[in-house]
Amino acid sequence: MAYEQVITRFAPSPTGHLHVGGARTALFCWALAEKARRTGADGRFILRIEDTDQKRSSDDAAKGILEDLAWMGIEWHEGPEFAGCGGDPRGVGPFHQSQRLDLYAEYIEQLIQEGKAYPAFDTPEELNAKRTAAREAKRSFRYKRNEGADHAKDIERMKTEPHVIRFAMPTDPVEVKDSLLGDIEFTDEHTDDFVIRKQDGFPTYHFAVVVDDELMGVTHVVRGQEHLQNTPKHVALQQALGFRIPVYAHVPSVFNPDGSKMSKRDKDKAGRQACKDAGLTESPVSSIDADRFANWLKDKKSQLETEQLRELAAELDLSLPEIDVEDFRRSGYIPEVLCNYLALLGWNPGMKNDDGTDLERFDNTFLAEHFSFARAGKSPSKFDRDKLVAFSQQTLNAMPAEQFESAWRAWLLRERPDLLKQIADRLPLLARAAQPRARTLSDAIEPVAFVLLADAAIEYDEKAVNKALKKGDPSGIEQLRAFAPEVDAIDPFEPEQIDAAVRAFCESRELGMGKIAQPLRVAITGGTVSPGLGDTLAAVGKASAKARIDRCLAQFG
RNA sequence: GGCCCCAUCGUCUAGCCUGGUCCAGGACGUCAGGUUCUCAUCCUGAAAACGGGGGUUCGAAUCCCCCUGGGGUCACCA
């Protein structure tokens, strides 16, 4: 009767954009459910917004997370509706915890009636004092209910006094079944009588997750390893409430290459360092006032707003470290690549390519078909940007030209609309030239940046001029002079025709291609590095090409 | 500090469960060559790891124990 169910959920708290670590967890959650779904079982991936912290949660952040997930192609089957994702076919919503308060109240009431939870009236000061004392005595502080507590009397007191509700944690050892780490036994020294309802009436995370997971039918809880110590609390709560106990999988964290935790603070750190290196004492951007700036500069823990940091980085020509999914999107990574890299951080398919190398390039569909925790790693991994860049470059280079062009156009439209306007008319040509050199959609601009300059604004690199124009016999500049009249005859002025003309020129004079290529390159771009010659000339167009050659001849001839 | 988790090249990892085919394979990075009009590609090659110590065994990267190291966690945050 019961056919296989794999119901997973990703439950972020909406306090900012989606962190790559979270994104990987979401990806694994999705893959697990999607795999079941594809084999005809009841596989569902739920997205739930854990906004029980009134102070830190925001609607904007929640929306940002939906956007990030949708961009990555991690589509949730149930949850808030966004971009074709979500919905509530089983009627288990709403999916914002702040809208489920009545539900929690019911179960808390039940626990209090049964004496499994109780009100506590300690002030934060009292608790702090106890914690400090415990620490000084080198013990860990664990809140335990007063031996002589009078439950009925306390319940009466609740009506008039500020209080929290605590769960009377049973002392039996709790066994946690984890499909990644194996079974782990927690003895009762791990947990105390933790708070399940805060003074403001909101449930704590521990209580809300347990209730929601039960009510939403969650069968597999996939979450970060930092939650491992919470699990015995959750299991105890599930037992007390008579709930099912889901299967857990605690995935290891993702770190910076230096071993530090990948955090939003890294952006502040990079910005601060850049300011110090530049010897700045006051803010270079108006959005950060003097006091704030001074304080930020000396206080390593203080953080600027994301927008302020971006302005600062733009001003200092600094690239901030990517931490959130949104950062990678801005940097010009495509979602397929980010997903692929993230999935590989802790999981691998254990298959070979035809040439005998390990299979590591795959898409989300492949992931959904093959994912399991049996092949997932238990140890924390470091985020290697070089490898991500390599994946990105390989993928971008291998795309069909039209696909690259449209991906690039979409990226430019979102991130650099000003630039897109400037180059929109010859985007296909520029895309063709940029694609083989593009590592990301962002740095694709670099190899074709010379087209953005006015003909008269080309600055000639001195070394390039010496090497390409002055050396040789006849000198580069003479070759250029000889070639100049040929330009007009090239028709149409397109890469193939240009290349053919250059080749013919070389053959007739028995020259190596380099003899004319480099002088031309300097004339057109000011330097010795650019895309193929045909692409380079075609990108600026015949009129500009002639103008640039003439100007160069005039200056060095 | 208590408790929990983890441990193969610089990094991500394959191999470990079901010891021998592993003087440990791949990818990224690095270095050295080569192809190409520059750059980027592409091709060839090289250096590079089983944290240490005890067991078990004819035999251990693989199984067990200890040590060391790394990480996590000890909130009215999630």
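Residues numbered from 1 in each chain as written. Chains lettered and ligands numbered in written order. Predicted model: local features only at pLDDT ≥ 70, side-chain atom pairs only at ≥ 80, totals over all residues.

Caption draft 1: Structural detail: the overall build of chain A. The number of helices and strands found in chain A is 23 helices and 13 strands. Against the compact-globule benchmark of 24 Å for 557 residues, chain A has a radius of gyration of 31 Å, which places it well outside the compact range. Along the first, second and third principal axes, the C-alpha set of chain A runs to 105 × 60 × 40 Å. Expressed as a percentage of the 557 residues in chain A, the buried residues total 35%. Taking the contacts inside chain A whose residues are at least 6 apart along the sequence as the reference set, 75% of them involve residues at least 24 apart. (Helix = DSSP H or I, 4+ residues; strand = E, 2+ residues; numbered from the N terminus. Rg over C-alpha atoms; globule rule 2.2 N^0.38 Å. Buried ≥ 20, exposed ≤ 12 C-beta atoms within 10 Å, placed from the backbone. Contact = placed C-beta atoms within 7 Å.)

Caption draft 2: Summary view of the sheet that holds strand 6 (residues 164–167). Reading across from one edge, 5-6-9 is the order of the three strands in this open sheet, with antiparallel pairing throughout. With one partner strand each, in any of the chains shown, strand 5 (117–120) and strand 9 (195–197) form the two edges of the open sheet. Sheet twist, expressed as the average angle between the axes of neighbouring strands with direction ignored, equals 45°. As paired strands, strand 5 and strand 6 are joined by four bridges and run antiparallel to one another. Counterpart to Ala120 in the pairing with strand 6 is Val164. (Pairing = 2+ DSSP bridges. Axes fitted to C-alpha atoms, helices over the stretch in contact; angles between N-to-C directions.)

Caption draft 3: Structural context of the packing of helix 17 (residues 427–434) against helix 22 (residues 533–540). Here helix 17 crosses helix 22 at 155°, and the two axes come no closer than 10 Å. With respect to helix 22, the axis of helix 17 lies roughly antiparallel. Crossing hand, helix 17 versus helix 22: left-handed. Across the interface between the two elements, Leu429, Leu430, Arg432 and Ala433 from helix 17 touch Asp535, Ala538 and Ala539 from helix 22. (Parallel < 35°, antiparallel > 145°, perpendicular 65-115°, else oblique. Left-handed = near helix turned anticlockwise from the far one by under 90°.)

Caption draft 4: Region of interest: the protein's contact with RNA strand B. Close to RNA strand B lie 63 residues, the nearest being Glu50, Gln199, Tyr205, Ser379 and Met513. Taken together, the elements giving at least two residues each to the surface near RNA strand B come down to helix 4 (124–136), strand 13 (381–382), helix 14 (385–398) and helix 21 (513–525). Taken together, the residues of the surface near RNA strand B sort by class into 19 nonpolar, 26 polar and 18 charged. (Near = placed C-beta within 6 Å. Nonpolar A, V, L, I, M, F, W, Y, C, P; charged D, E, K, R; others polar.)

Caption draft 5: Representation of the environment of Gly224 within the structure. Within the secondary structure layout, Gly224 lies in strand 10 (residues 220–224). Counting along the chain gives 26 residues from Gly224 to His250, while the straight-line C-alpha distance between them is 5.3 Å. Not counting chain neighbours up to four residues away, the residues in contact with Gly224 comprise Gly21, Thr25, His250, Val251 and Ser253.

Caption draft 6: Looking closely at unusual backbone geometry. Residue Pro94 is bonded to the preceding Gly93 through a cis peptide linkage, with omega at 0°. By secondary structure assignment, the location of Pro94 is in the loop between strand 4 (85–87) and helix 3 (101–113). For the bond from Asp491 to Pro492, the omega torsion is -5°, close enough to zero to count as cis. For Pro492, the location among the structural elements is in the loop between helix 19 (476–483) and helix 20 (495–509). Located in the positive-phi region is Ala83, a residue other than glycine, with phi close to 50°. Tracing the backbone through its elements, the reader meets Ala83 in the loop between strand 3 (79–82) and strand 4.

Caption draft 7: Focus on the packing of helix 6 (residues 205–215) against helix 7 (residues 231–241). The N-to-C vectors of helix 6 and helix 7 enclose an angle of 55°; their axes lie 10 Å apart at closest approach. Between helix 6 and helix 7, the angle is such that the two are oblique. For helix 6 against helix 7, the interelement crossing comes out right-handed. Of the residues in helix 7, those touching helix 6 at His206, Phe207, Val209 and Val210 are Lys233, His234, Leu237 and Gln238. A breakdown of the residues in the contact of helix 6 with helix 7 according to their chemical character gives four nonpolar, three polar and one charged.

Caption draft 8: View of the pairing of strand 2 (residues 42–47). The element strand 2 is extensively covered by neighbouring structure, given that five of its six residues are classed as buried. Relative to strand 2, strand 1 (residues 5–10) runs parallel, the two being bridged by six bridges. Along strand 2, the bridge assignment pairs Thr8 with Phe45. At this point the chain moves from strand 1, through helix 1 (residues 20–38), to the parallel strand 2, and the crossover so formed is right-handed. (Right-handed = clockwise from strand over helix to strand, strands pointing away.)

Caption draft 9: Here's a closer look at the confidence of the model for chain A. Looking at chain A, the pLDDT average stands at 92 and 99% of residues meet or exceed 70. If you check the scores for this complex, the pTM reads 0.93 and the ipTM reads 0.95. (pLDDT = per-residue confidence, 0-100.)

Caption draft 10: Quick peek at the pairing of strand 11 (residues 247–251). Taken across its five residues, strand 11 has four buried, putting it largely inside the fold. Relative to strand 11, strand 10 runs parallel, the two sharing five bridges. Bridge pairing in strand 11 links Gly224 to Val251.

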